Amino acid sequence: MKDPRKVFPAVSLLLLLISYSSASPASDHRPRASYSNGHVCVGCVLVVSVIEQLAQVHNSTVQASMERLCGYLPEKLSLKATCHLVVHMFGPDIIKLLGTAVNADVVCHTLEFCKQAAGQPQCHLYPLPKEPWEFTLEKAREIVKKPSPVKYPGGASDICSLPFLTKICEKIKLSIKYSVPFKDADSDKYSIFPTLRGYHWRGRDCNDSDKMAHPGRRPANWDAQYDSNCNGIWGVDPKDGIPYEKKFCEGSQPRGIILLGDSAGAHFHIAPEWITASQMSWTSFLNLPMALTNELDWPQLSGATGFLESTSRIEGKSIYLRLRKRNRCNHRDYQNVSRNGASSQNLEKFIERNQVLDHPAIVIYAMIGNDVCNGKVDPVPQMTTPEKLYSKVIKSLNYLNAHLPKGSHVILYGLPDGAFLWDNLHDRYHPLGQLNKDVTYAQFFSFLSCLQVTPCHGWMTSNKTLRTLTSERAEELSNTLKKITTSEKFTNFDLFYLDFAFQEITDEWQKRGGQLWQLIEPVDGFHPSEAALLLWAEYFWKKVQLQWPQVLGKENPLNAQIEQVFGDQGGH
């Protein structure tokens, strides 16, 4: 194993990324202090459960199971080294405890990754032991008589207090907070690197040393000399001396797609094979480094701005890819400025659009969850009121009107009825419970709510009254958005409203032979799955094409010629 002193800086940086990635429910985008850091408790119970189940699946010892898990992890981001360091620190105690047949809840409380403060309920994922909890815990503590050699860092703030990480921590924090690329040489908010708010989020920069060259801008001198808008169309046709950009794109009404959203729009996704022992192999974690540096979001596969081929069984295209197919001059003109935990109350001014230099854009405002969702014991007082929503949305629209080029379009999206979650998941087994049939989604939801780290206590609960209240507030907020579109006018964009129309999406999925639970992310039991997002994109496209075709622009009759001359236009 590597020297722990050499590994520690990388481990600390990894913990920082995990800390910020796991903060999706928090309104300020930082991990919240609840149940002595509930996210750490969830992480411990999850990892110990996987270790125990790997031993069961492979009929091996716990020691072999931990080594197997570390062997599956890639070298990138020092994930493998981190795993070995954690095993070195806590492995002997985990082996002793699991050897006495206690479950992951007991292990994590004994090792103090889970801590029950005075006056707090006893949070547990698995059924409580037959013996009294305190008695069980005392016996476990007797087995582990000495404390672990290194204390677990309590959170991002502890990690970033280390002198050698101060600067890089600050840069990562700013990148996440302001939705700008971590690596961006010319500071134009576009990058040649994929993750850490790079081109997975906004179209790839074609010249990172020139801030005047970026996706979405109007071409400089018709791009006769160089590609100023990164759509891959530039140069002069030698046959007639006309710049290709002028020949293929003039009058075609190019436009970009911009999503202002939350973790659903960013496509928050924790791969089930990361925690399902029976499916786990070395290939399971190949995409984990990418996911961590994208805050556990997958915008490159999202319904609004995805540009990669779908990994789900549904054959669908994102709104961006449909716009690109309609007019190849729109190549790379996408921005996904969604954030985990975003709501109308903390939406920052993230859009990068110049009224003079850039093309118009279609802006989708889709804050579909966090105005009614939070992890509080009593979530209702924390929900956004219709009055607050009206005020904040008007403020955001005024900002957009001051920055969007004339001829843009803004579409406000209503909130879904999240009662769908409990109705379709509560009696199904969570991925952690599939092997032994011992953890349902109802238990998982209860565990997260107890720790106050649930993404949405209002809908992920057995309390039907609370689910109804949450749905009613969501409907009130949707009606407020609808009211804004009928009462407000802006000079630089048209304003429209669309219902989330989850019923139409579920009906279409069932027509295709799908099960409703497949539309929900299996690990967190909350976010829409990739299939759901692509169905949403399909519904959006059909609805807008029918009601407001001017929003999408006309189809470019020269698309085939563009492809013939420029191929994939430099790809994405």
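Residues numbered from 1 in each chain as written. Predicted model: local features only at pLDDT ≥ 70, side-chain atom pairs only at ≥ 80, totals over all residues. Heavy atoms only, no water.

- Going by the annotation in an unreviewed UniProt entry, the name recorded for the protein chain is Acyloxyacyl hydrolase isoform X2, with Dipodomys ordii given as the source organism.

## Here we look at the pattern of salt bridges
Then comes step 1: Within the structure shown, the criterion is met by 13 salt bridges.
Then comes step 2: Note that Glu538 is salt-bridged to Arg512, the shortest N-O span being 2.7 Å. You can see Glu538 sitting in helix H17 (residues 530–547) and its partner Arg512 sitting in the loop between helix H16 (502–511) and H17, a full 26 residues away along the chain.
Then comes step 3: Under the relative-accessibility criterion, Arg512 is labelled partly exposed at 32%. (Salt bridge = Lys/Arg side-chain N within 4 Å of Asp/Glu carboxyl O. Helix = DSSP H or I, 4+ residues; strand = E, 2+ residues; numbered from the N terminus. Buried < 20%, exposed > 50% of the residue type's maximum accessible area, 1.4 Å probe, protein only.)

## Points about the pairing of strand E3 (residues 361–366)
Then comes step 1: Across the six residues of E3, six count as buried, placing the element largely inside the fold.
Then comes step 2: A two-sided burial pattern is seen for E3, the buried positions comprising Ala361, Val363 and Tyr365 on one face and Ile362, Ile364 and Ala366 on the other.
Then comes step 3: Note: strand E1 (residues 256–261) against E3, six bridges, orientation parallel. Residue pairing across strands places Gly261 opposite Ala366, the latter belonging to E3.
Then comes step 4: In terms of handedness, the path from E3 via helix H12 (residues 386–403) over to strand E4 (residues 408–413) forms a crossover that is right-handed. (Pairing = 2+ DSSP bridges. Right-handed = clockwise from strand over helix to strand, strands pointing away.)

## Quick word on the state of the cysteines
Then comes step 1: Counted by the stated rule, this structure contains seven disulfides.
Then comes step 2: Across the disulfide, Cys41 is cross-linked to Cys114 (sulfur-sulfur distance 2.0 Å). Looking along the S-S bond of the Cys41-Cys114 disulfide, the torsion reads about 95 degrees, which is the right-handed sense. Placement of the pair is Cys41 in helix H2 (residues 38–57) and Cys114 in the loop between helix H5 (104–110) and helix H6 (133–143), with a sequence separation of 73 residues.
Then comes step 3: Paired through a disulfide, Cys123 and Cys450 show a sulfur-sulfur distance of 1.9 Å. Its S-S torsion of approximately -80 degrees makes the covalent link between Cys123 and Cys450 left-handed. With Cys123 in the loop between H5 and H6 and Cys450 in helix H14 (residues 441–451), this residue pair connects regions lying 327 residues apart in the sequence.
Then comes step 4: In this structure Cys123 comes out as buried when scored by relative accessible area, which is 0%. (Disulfide = S-S within 2.5 Å.)

## Quick notes on the packing of aromatic side chains
The geometry of an aromatic ring pair is captured by the separation of the ring centres together with the interplanar angle, meaning the angle of the planes.
Then comes step 1: Counted under the stated rule, the structure contains 16 aromatic pairs.
Then comes step 2: Pairing Tyr413 with Phe500 gives two aromatic rings, centres 6.2 Å apart and planes at 75 degrees, and the pair type is edge-to-face. Of this pair, Tyr413 sits in strand E4 while Phe500 sits in the loop between strand E5 (493–498) and H16; the two residues are 87 residues apart in sequence, bridging distant segments of the chain.
Then comes step 3: The interplanar angle of 20 degrees and the centroid separation of 4.9 Å between the aromatic rings of Phe490 and Phe493 together place this pair among those described as stacked. Each of the two residues, Phe490 as well as Phe493, counts as buried.
Then comes step 4: Through pairs of rings, three or more aromatic residues link up here, namely Tyr413, Phe420, Phe500, Phe502, Trp536 and Phe540.
Then comes step 5: The cationic tip of Arg197 hangs over the ring face of Trp201; the distance from NZ or CZ to the ring centre is 3.6 Å.
Then comes step 6: For Arg428, the ring lying beneath its charged end belongs to Trp517, and the centroid distance is 4.0 Å. (Phe/Tyr/Trp six-rings, centres within 6.5 Å; stacked < 30°, edge-to-face > 60°. Lys NZ or Arg CZ within 6 Å of the ring centre and 35° of its normal.)

## Describing the confidence of the model for the protein chain
Then comes step 1: Of all residues in the protein chain, 90% attain a pLDDT of 70 or more, and the chain-wide mean is 91.
Then comes step 2: This model gives residues 1–8 a pLDDT under 50, and the stretch forms eleven contacts once residues within four places in sequence are excluded.
Then comes step 3: A low-confidence stretch, residues 152–157 (pLDDT under 50), is modelled with eleven contacts involving residues beyond four sequence positions or located in other chains. (pLDDT = per-residue confidence, 0-100. Contact = heavy atoms within 4.5 Å.)

## Describing the nonpolar core
Then comes step 1: Grouped together as the largest cluster of nonpolar side chains are 145 residues, with contacts concentrated most on Leu397, Leu400, Leu412 and Tyr413.
Then comes step 2: A total of ten residues in this core trace back to one element, the largest contributor, which is H17.
Then comes step 3: Two domains each provide a minimum of three residues to this core, namely domain 1 (8–21 + 33–164) and domain 2 (256–556).
Then comes step 4: The contacts of Leu397, once residues within four sequence positions are left out, are Val410, Leu412, Ile484, Phe490, Phe493 and Leu495. (Core = buried A, V, L, I, M, F, W, Y, C linked by side-chain atoms within 4.5 Å. Domains from an automatic or database assignment.)

## Here's the deal with helix H4 (residues 79–98)
Then comes step 1: Look at H4: only 24 Å from first C-alpha to last across 20 residues, short of the 28 Å you get at 1.5 Å a residue.
Then comes step 2: Helix geometry: H4 is bent most strongly at Phe90, by close to 60 degrees, with proline Pro92 lying one to four residues after it.
Then comes step 3: With 14 of its 20 residues buried, H4 lies for the most part within the structure. (Expected span 1.5 Å × (residues − 1). Bend = angle between axes of the 7 residues up to and from the residue.)

## Some points on the packing of helix H3 (residues 62–72) against H4
Then comes step 1: At their nearest, the axes of H3 and H4 sit 10 Å apart, and the two run at 160 degrees to each other. It follows from the interaxial angle that H3 and H4 lie roughly antiparallel. Relative to H4, H3 is oriented so that their crossing is right-handed. Contacts between H3 and H4 involve Val62, Gln63, Met66, Leu69, Cys70 and Gly71 on the former and, on the latter, Lys80, Cys83, His84, Val87, Gly91, Ile94, Ile95 and Leu98.
Then comes step 2: Taken together, the residues of the contact of H3 with H4 sort by class into nine nonpolar, four polar and one charged. (Axes fitted to C-alpha atoms, helices over the stretch in contact; angles between N-to-C directions. Parallel < 35°, antiparallel > 145°, perpendicular 65-115°, else oblique. Left-handed = near helix turned anticlockwise from the far one by under 90°. Nonpolar A, V, L, I, M, F, W, Y, C, P; charged D, E, K, R; others polar.)

## Here we look at the pairing of E1
Then comes step 1: Burial runs high along E1: six of the six residues are buried.
Then comes step 2: The two faces of E1 match: Gly256, Ile258 and Leu260 on one face and Ile257, Leu259 and Gly261 on the other face are all buried.
Then comes step 3: One ladder, built from three bridges, connects E1 with strand E2 (residues 334–336); its direction is parallel. Looking at the pairing, Ile258 lines up with Gln335 of E2.

## Structural notes on helix H11 (residues 319–326)
Then comes step 1: Taking burial as the measure, the eight residues of H11 include seven buried ones, the bulk of the element.
Then comes step 2: Regarding H11, the residues found buried are Ile319, Tyr320, Leu321, Arg322, Leu323, Arg324 and Arg326.
Then comes step 3: Summarising the contacts, the buried residues of H11 are in contact with E1, E2, E3, H17 and helix H18 (559–566).

## Some details on unusual backbone geometry
Then comes step 1: For Glu112, which is not glycine, the phi dihedral falls at a positive 65 degrees.
Then comes step 2: The topology assignment puts Glu112 in the loop between H5 and H6.

## Remarks on the side chain of Ser449
Then comes step 1: Mapping Ser449 onto the fold places it in helix H14.
Then comes step 2: On the basis of relative accessibility, which here comes to 12%, the residue Ser449 falls in the buried class.

## Side note on the sheet that holds E2
Then comes step 1: Strands sit in the order E2-E1-E3-E4-E5 across an open sheet of five strands; the sheet is parallel. Among the strands making up the open sheet, the edge pair consists of E2 and E5. Each neighbouring strand pair of the sheet contributes to a mean axis angle of 15 degrees, computed without reference to strand direction.
Then comes step 2: Taken together, the six bridges between E4 and E5 define a ladder with parallel strand orientation. Looking across to E5, one finds that Val410 is bridged to Leu495.

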